[in-house]
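# Examination of the molecular architecture
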Amino acid sequence: MRSIKDHMALTISLFAILFCIESLLVLDRIVKSYENDLKENYSLILVADRSVKVSDISHIDTLIGSVEPIDAESILKEIEGRMSEESLSKIRQIMPLFFSLKLRRYADRERIEKLKSELLSVAGVKEVHIFEKVHDRLYSMLLFIKSTLTLFGLLAGVVSILLLMKQMTIWQFEHKERMQIMSLFGAPVWLRSGVLFRLAVVDAFLAFAAVVSTMLYLSSNSEAIEFLQSIGADPDLLFRYDDIAVLAAVSFGVSLTCAAWVVARFKEEQ
Amino acid sequence: MQKVIEAAGLKLAYPRHEPVIKSASFEVETGEFVFITGASGSGKSTLLKSMYGSMPIYGGELQVGGIDMGSISGSKLYKLRRHIGIIFQDYKLIREWNVEKNVMLPLIISGFPKDVCRAQAQKLLTHVKLSHKSDKYPMELSGGEQQRVAMARALAHNPFLILADEPTGNLDDYSSQVVWDLLERANEELDTTILVVTHHIPEMLSANYRHLMIENGVLYEIH
Ligand SMILES: Nc1ncnc2c1ncn2[C@@H]1O[C@H](COP(=O)(O)OP(=O)(O)O)[C@@H](O)[C@H]1O
Ligand SMILES: [Mg+2]
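Keep in mind it's a predicted model, so treat the numbers as computed, not measured.

The rules we used
- Residues numbered from 1 in each chain as written.
- Chains lettered and ligands numbered in written order.
- Predicted model: local features only at pLDDT ≥ 70, side-chain atom pairs only at ≥ 80, totals over all residues.
- Heavy atoms only, no water.
- Helix = DSSP H or I, 4+ residues; strand = E, 2+ residues; numbered from the N terminus.
- Buried < 20%, exposed > 50% of the residue type's maximum accessible area, 1.4 Å probe, protein only.
- Contact = heavy atoms within 4.5 Å.
- Areas by Shrake-Rupley, 256 points an atom, 1.4 Å probe, with all protein chains shown as cover.
- Salt bridge = Lys/Arg side-chain N within 4 Å of Asp/Glu carboxyl O.
- Patch = residues over 30% accessible without salt bridge, like charges linked within 9 Å, V, L, I, M, F, W, Y side chains within 5 Å.
- Polar contact = N/O pair within 3.5 Å; in protein donor to acceptor, adjacent residues only side chain to side chain.
- Domains from an automatic or database assignment.
- Core = buried A, V, L, I, M, F, W, Y, C linked by side-chain atoms within 4.5 Å.
- Expected span 1.5 Å × (residues − 1).
- Arc of directions from axis to C-beta.
- Buried area = accessible area lost by both parts, 1.4 Å probe.
- Nonpolar A, V, L, I, M, F, W, Y, C, P; charged D, E, K, R; others polar.
- Pairing = 2+ DSSP bridges.

When helices and strands are counted, chain A shows ten helices and four strands. Ordered by position from the N terminus, the helices and strands of chain A form the series α-β-α-β-α-α-β-α-β-α-α-α-α-α. Each of the three principal axes of chain A carries a C-alpha extent, and together these read 105 × 40 × 25 Å. Counting all 270 residues of chain A, 39% fall into the buried class. Of all intrachain contacts in chain A linking residues separated by at least 6 positions in sequence, the fraction that spans at least 24 positions is 83%. When the accessible area of chain A is evaluated, it comes to approximately 15,600 Å², of which 63% is carbon and sulfur surface.

This is how it looks when you write it as structure tokens:
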């Protein structure tokens, strides 16, 4: 019988890898959803002397989402009573057209400035105004956290892989004798490495189940939910069922690769 | 009589070493009982290894069960091994398996159902007088007992050929007796071909046997 200790080394390394991946997935979702909010708060107003359609300018930048004319008549209506018909029609003649440009996604200031100058070179566009409603300090912080966590995740990944390799060398040593004897009695590869693969599958499952339960626990934990709400993120972002597929694939993929490595390294002794 | 082993000018060498066996030419027919003797380090184990495909053929020819060992492929070798019973000097029992499962090994490999394997293992453990130890692990047995387990394992799948490397090398008299008795019985009752490497040939043996000897890398037949 194999003890719990035999499973620990591989399961813990796998758990660390999976947990990093899951954290990055969650953070990526939070940043994306935040970007989505931010882009709503950005608006660009084009002032032009002729009609501008989205098809005219969409080639400039992939950021451009939609262009909608702003109804100037409603403004004119407001002042209708206070002006003569004559002056109104004059105003109508010289008044430019206004368009509201919506972004497809959020972008930093520099990119927006570049977009602005490119829009100005479009025929007919007279002016471009940028209206910004929020500061993007929280966004910069999120980006910072994301890059730190990516770095940390990479480091943890490297350490875990080193741990995995050490465990594989132990496995190789532990299973060599049995595989050797089985081979001398004519056992095919799949039979003599069966135990190893069973171990790999069990360990992968343990690590996978541990990460999924941790995430399920967090997604129902009131403190975690409050924290997410406090930074304006949707608590539902914490765990997605799509993640299960990614985590399972990585867990079983890494674990089975390790077992296959041990099997491939096996050589019958003389 | 069918030939079980045919060697002609067989040469065996470990990589980057002088040949251990310089010339071996002999034939073994079905049902023969053959002893191979020689000084320590003369190449007895090496010769036996070549017969179960653990030693590359350096020169000459060797056929086992009609199969050319010089050109045998991986899967063919595994198939051949499933019909050979090997007894090693160091027993080579699987330490994490109990005695019964160790005896079941060749039957498990051949894909027999569990209950068939178990029944056969129990029968053989009775033959080697160890049925009361079937739940024990190899480490819990004496050397003699471990070799008797290995003996039971070598016979479990009714092999056509048994290759034994100093099977009683350092065993007590009782265990040696059990091992020789069983080898003789397999030879007499099942016509199993037997090749045994040994220091000295036991006196109590009643079977007719042949005696091959290795000296200075050359194999001779002693009449
Ligand atoms: N794996 C090996 N690599 C190199 N030389 C070996 C190896 N195994 C055995 N030898 C050498 O081959 C010779 C024959 O060994 P062996 O067949 O084991 O002798 P014995 O007749 O005692 O069974 C010895 O000189 C031994 O040192
Ligand atoms: Mg030897």
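Okay, the pattern of salt bridges next. Applying the stated criterion across every chain yields a total of 15 salt bridges over all chains. Residue Arg 95 of chain B is joined to Glu 177 of chain A by a salt bridge in which the shortest nitrogen-to-oxygen separation is 3.0 Å. Remark: Glu 177 of chain A occurs in helix H6 (residues 137-184) and Arg 95 of chain B occurs in the loop between strand E6 (84-87) and helix H3 (99-109); the pair is interchain, linking two chains. As a salt-bridge pair, Glu 32 of chain B and Arg 210 of chain B come within 2.8 Å of each other at their nearest N and O atoms. Highlighted residues: Glu 32 of chain B in the loop between strand E2 (21-29) and strand E3 (33-38) and Arg 210 of chain B in strand E9 (residues 210-215), separated in sequence by 178 residues. Residue classification places Arg 210 of chain B among the buried positions, given a relative accessible area of 16%. Ionic contacts of the salt-bridge type, sharing partners, join the residues Asp 28, Lys 32 and Lys 146 of chain A into one network.

Attention shifts here to a nonpolar patch on the surface. Residue and element names in this part refer to chain A. Taken together, Val 158, Ile 161, Leu 162 and Met 165 make up a surface patch of nonpolar side chains, about 380 Å² in accessible area. Residue position: Val 158 is located in helix H6. With a relative accessible area of 48%, Val 158 lands in the partly exposed category.

Residue and element names in this part refer to chain A. Checked against the element boundaries, Ser 255 lands in helix H10 (residues 241-265). What makes Ser 255 buried here is its relative accessible area of 0%. At 2.7 Å, the side chain of Ser 255 and the backbone oxygen of Ala 200 are in polar contact. The residues touching Ser 255, leaving out its near neighbours within four places in the chain, are Leu 10, Leu 14, Ala 200, Val 201 and Ala 204.

What follows is about the domain arrangement of chain A. Entries for chain A in the domain assignment read domain 1 (2-36 + 137-264) and domain 2 (43-131). Centre-to-centre separation of domain 1 of chain A and domain 2 of chain A, based on C-alpha positions: 51 Å.

Residues and elements named next belong to chain B. Counting buried positions along H3 yields nine of eleven residues, so the element is predominantly enclosed. Looking at H3, one finds that the buried residues are Val 99, Glu 100, Asn 102, Val 103, Met 104, Leu 105, Pro 106, Leu 107 and Ile 109. Gly 111, located one to two residues past H3, shows a positive phi value of around 85°.

Within the largest apolar cluster, 59 residues are counted, with the highest numbers of intra-cluster contacts made by Ile 30, Leu 46, Ile 57, Leu 101, Leu 119 and Trp 171 of chain A. Residues from two domains meet in this core; each of domain 1 (2-36 + 137-264) and domain 2 (43-131) of chain A gives at least three. Setting aside anything within four residues of it in sequence, one finds Leu 119 of chain A in contact with Leu 44, Leu 46, Ile 57, Ile 60, Ile 64, Leu 101, Val 125 and Val 128 of chain A. With 42 residues, the next largest nonpolar core counts Met 182 of chain A together with Met 55, Leu 62 and Val 64 of chain B among its residues.

This part is about helix H4 (residues 114-127) of chain B. Residue and element names in this part refer to chain B. Relative to the 20 Å expected for 14 residues at 1.5 Å per residue, H4 spans 20 Å between its end C-alpha atoms, a close match to the ideal helical length. Of all the positions in H4, only Cys 117, Gln 120, Ala 121, Leu 124 and Leu 125 are classed as buried. The arc that holds every buried residue of H4, seen down its axis, measures 140°, which confines them to one face. On the buried face of H4, the contacting elements are H3 and helix H5 (143-155). Lys 129, located one to two residues past H4, shows a positive phi value of around 60°.

All right, on to the interface of chain B and chain A then. Contacts between the two partners involve 23 residues from chain B, matched on the other side by 16 residues from chain A. Where chain B abuts chain A, roughly 1,800 Å² becomes buried across the two surfaces, and 60% of that area is made up of carbon and sulfur atoms. Considering only the side of chain B, the residues that lose the most area to chain A are Tyr 78, Arg 81 and Ile 109 of chain B, jointly responsible for 29% of the buried surface there. Linking chain B to chain A there are two salt bridges. The residue Glu 96 of chain B makes a salt bridge to Arg 178 of chain A at a minimum N-O spacing of 3.0 Å. Elements represented by at least two residues in the side of chain B that touches chain A include exactly helix H2 (74-81) and H3 of chain B. The biggest single contributor to the side of chain B that touches chain A is H3 of chain B, with four residues. Along the lines of polarity and charge, the residues of the side of chain B that touches chain A split into 14 nonpolar, two polar and seven charged.

Let us look at the pairing of strand E8 (residues 193-197) of chain B. All names here are of chain B. The element E8 is extensively covered by neighbouring structure, given that five of its five residues are classed as buried. In this sheet, E8 lies alongside E3 in parallel orientation, the contact comprising four bridges. Looking across to E8, one finds that Val 34 is bridged to Leu 195. The pairing of strand E7 (residues 161-165) with E8 spans five bridges and is parallel. In the strand pairing of E8, Ile 162 is matched with Ile 194.

Residues and elements named next belong to chain B. Its identity as a non-glycine residue notwithstanding, Arg 16 has a phi of 60°, on the positive side. If you trace the backbone, Arg 16 turns up in the loop between strand E1 (3-12) and E2. For Asp 191, which is not glycine, the phi torsion reads 60° and is therefore positive. Mapping Asp 191 onto the fold places it in the loop between helix H6 (173-190) and E8.

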